[in-house]
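The lines below spell out each chain.
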Amino acid sequence: MHIKMCKWFYLMLICVGVLCLAGCGADANSDAETTTVDTATAAGDDSASGETTTEGSAAESETTAVIEKATGRTGTAVDLNDTEIAGVNSCGFDREDALQDSYGIYYVYSGGEACMSFHISATALSEGGVGLLMFLNGEPQPYRVEGGDGDGDTSYAYFHIFYPPDDNSQELSVSVCFIPVAGSEGDMLELCTIGMPRPYYFISEVRMIPWLLTHGALEDSVRLSFEADAAEAEEMPETTDRSATVQITYEDITDAELEEYEAQGLDLSYDVAAEFYVNDAYVDAQQGIVYGLSEGDTIRLKYVVLGNSYVEYGLTFFIDHEPVLVDGSAISVELQSGKKTVIEVELSLNDFDGSSIVYGVLAPLNYRTLNGSELVGTGAFISASETVFLSSALDVTELEDE
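Residues numbered from 1 in each chain as written. Predicted model: local features only at pLDDT ≥ 70, side-chain atom pairs only at ≥ 80, totals over all residues. Heavy atoms only, no water.

**Quick notes on the side chain of T341**
This is how the line gets drawn: Under the DSSP-based scheme used, a helix requires at least four consecutive residues in state H or I and a strand at least two consecutive residues in state E, with every element numbered from the N terminus. Summary of the burial criterion: residues with accessible area below 20% of their type's maximum are buried, those above 50% are exposed, and those between are partly exposed, where the area comes from a 1.4 Å probe applied to protein chains only. In what follows, residue pairs with any heavy atoms lying within 4.5 Å of each other are defined as contacts.
By the secondary structure assignment, T341 is in strand β20 (residues 339-348). Judged by its relative accessible area of 1%, T341 falls in the buried class. Dropping the residues within four chain positions of it, T341 is found in contact with I248, T249, Y250, Y303, V304, V305, V333, E334, L335 and Q336.

Shown next as structure tokens:
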């Protein structure tokens, strides 16, 4: 259902995003002591980047990758000259395996390790790939892929990548297997996924535009009915210790803010809105770059969520697609009517190698929520923030020289 509805919306969104990246400029500077979020440069404002190292406009130059992550894969950066739109057309669990009740489709967990068929259809992503994250009951869900993912990885991990054929009439079908991180006999829990285009990010050496990984990601959400308690996992994937500290506060929504959201067409009794800040700078669709970082530095992340008060969330921040878990779990987020829920996190950049990305994912525990015995309509689907590029470079000119 949601997959088909999202397909054309997503393609339209990518068209708009490419046009915006090619011709828009924005100013959003951080007040942080040693770092800034440079969205003017990310949008292609040459006056903000100082001396240029290439002649001509982005429309006259090839874009090439200048960042290669530890995965060892190198690809091509976003080419603004390319008329073929890359995108994830559909991404989700195969519906023919599902059961259905009055609340929608669901799958049955009978114990042990569960394996479910999953499909991905995409355009122009056979090289850039599609990265997949899973969440169960708001928690990041590690999984493995029978026969290996696109890079041949057969291990349990929170993140895997796949390379679907460029012909969007052909689907890539795989079997994903997992031991649920939550669930007891009788539970009905939300199982959510996010498929992200080109997850091994690259930087355009011409315009310094980080690829918007989560901007245009395609989500899916189904339910998992437990006929048995979740099995005990022998081991969980290791994650980097980020020494994260969390503070949650609630602030009143002002009349001006309410009018602004209503002007955007949001009904906060139904919808959920979220804002993402890094080092006190708001992150919008132009995406930011935080400069001047070193291993062990601390960054400040803030998520502001408001809207449908029946919905509960798990909030997880990711660095290079690895979850930052607090006491082994996602951050529990409850919404209150008429208030903003403000989640502030400080975390250390341990094992920082000079270039990383950070983003957040809100995964609902009760997307199909009940008020007593009444099913409450909600626009609170799983959602990801924009991505932010973290760099050891002091400014954009130094980044261009790397």
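Having put the structure on the table, let's press on.
**Notes on the state of the cysteines**
The cut-off we apply is this: A pair of sulfur atoms, both from cysteines and within 2.5 Å, is called a disulfide here.
In the structure shown here, the tally under the stated rule is 1 disulfide. Two residues, C115 and C177, share a disulfide whose sulfurs are 2.1 Å apart. On the sign convention where negative means left-handed, the S-S torsion of about 110° between C115 and C177 marks this disulfide as right-handed. One end of the pair, C115, is in strand β4 (residues 114-123); the other, C177, is in strand β9 (residues 172-178), with 62 residues separating them in the sequence.

**Concerning the pairing of strand β8 (residues 159-162)**
Put simply, the rule is: Strand pairing is assigned whenever DSSP detects at least two bridges linking the two strands.
Side chains of β8 alternate between two faces, with F159 and I161 and H160 and F162 buried alike. As judged from the 4 bridges shared by strand β5 (residues 130-136) and β8, these two strands associate in the antiparallel manner. Paired with L132 across the strands is H160, a residue of β8.

**Some points on the sheet that holds strand β12 (residues 245-252)**
As a general point, the strands of a sheet are linked pairwise by backbone hydrogen bonds and lie either parallel or antiparallel. We apply this condition: Here an angle of 0 to 180 degrees is reported between the N-to-C directions of two axes, which are lines fitted to C-alpha atoms, with helices fitted over the stretch in contact.
Strands sit in the order β12-β20-β16-β13-β14 across an open sheet of 5 strands; the sheet is antiparallel. Strand pairing shows two members of the sheet lacking a second neighbour, β12 and β14 (281-283), which therefore form its edges. The sheet shows a mean angle of 25° between the axes of neighbouring strands, taken without regard to direction. Pairing analysis gives 3 bridges linking strand β13 (residues 272-278) to β14, with the strands arranged antiparallel. Directly across from F276, in β14, lies its bridge partner V283.

**Re the packing of aromatic side chains**
We apply this condition: Aromatic pairing here means that ring centres of Phe, Tyr or Trp (its six-membered ring) are within 6.5 Å. Orientation follows from the plane angle: under 30 degrees is stacked, over 60 is edge-to-face, and everything else is tilted.
Throughout the structure, instances matching the rule amount to 9 aromatic pairs. Ring-pair connections join several aromatic residues into one group, and the members of that group are F93, Y107 and F118.

**Some thoughts on the confidence of the model for the chain**
Under the convention used in this document: pLDDT expresses, on a scale from 0 to 100, how confident the predictor is about each individual residue.
Of all residues in the chain, 69% have pLDDT values of 70 or greater, and the mean over the chain is 74. Across residues 1-83, confidence stays below pLDDT 50; counting only partners more than four residues off in sequence or on other chains, it has 156 contacts. Within the model, pLDDT remains below 50 along residues 203-213, and this stretch shows 62 contacts once partners closer than five positions in the same chain are excluded.

**Here's the deal with a negative patch on the surface**
In plain terms, the rule: Patches in this entry comprise residues that are over 30% relatively accessible and not in a salt bridge; like charges within 9 Å are linked, as are nonpolar side chains (Val, Leu, Ile, Met, Phe, Trp, Tyr) within 5 Å. Exposure was quantified through the Shrake-Rupley algorithm and a 1.4 Å probe, taking into account, for residues, occlusion by the shown protein chains and nothing else. One side-chain nitrogen of Lys or Arg within 4 Å of one carboxyl oxygen of Asp or Glu is enough to make a salt bridge. When charges are tallied, Lys and Arg are placed among the positive residues and Asp and Glu among the negative ones, while His and the ends of the chain are skipped. Charge positions are represented by NZ for Lys, CZ for Arg, CG for Asp and CD for Glu.
There is a patch of like negative charges on the surface, built from D255, E259, E262 and D267. Residue classification places D255 among the exposed positions, given a relative accessible area of 62%.

**Let's talk about the pattern of salt bridges**
Scanning the entire structure with this criterion turns up 7 salt bridges. Through salt bridges with shared partners, one network takes in E251, E257 and K340.

**Side note on unusual backbone geometry**
We note that N137 has phi near 55°; this positive angle belongs to a residue other than glycine. With respect to the helices and strands, N137 occurs in the loop between β5 and β6 (139-140). Assessed through its relative accessible area of 22%, N137 is described here as partly exposed.

**What about the nonpolar core?**
The condition that has to hold: Grouping buried Ala, Val, Leu, Ile, Met, Phe, Trp, Tyr and Cys residues that are joined through side-chain atoms within 4.5 Å yields what is termed a nonpolar core.
Core analysis: the largest hydrophobic core is formed by 31 residues, its most contacted members being F93, Y107, F118, Y143, F178 and L191. At the level of secondary structure, the elements contributing two or more residues to this core comprise β1 (87-93), β3 (104-109), β4, β5, β9, β10 (188-197) and β11 (218-226). When residues in this core are grouped by element, the largest group, 5 residues, is from β4. With sequence-adjacent residues up to four places away left out, F178 is seen in contact with G112, E113, A114, M116, M134, Q141, P142, Y143, Y156, L191 and L224. The next biggest cluster of nonpolar side chains, apart from the first, holds 29 residues, and it includes V283, L301, F317 and L335.

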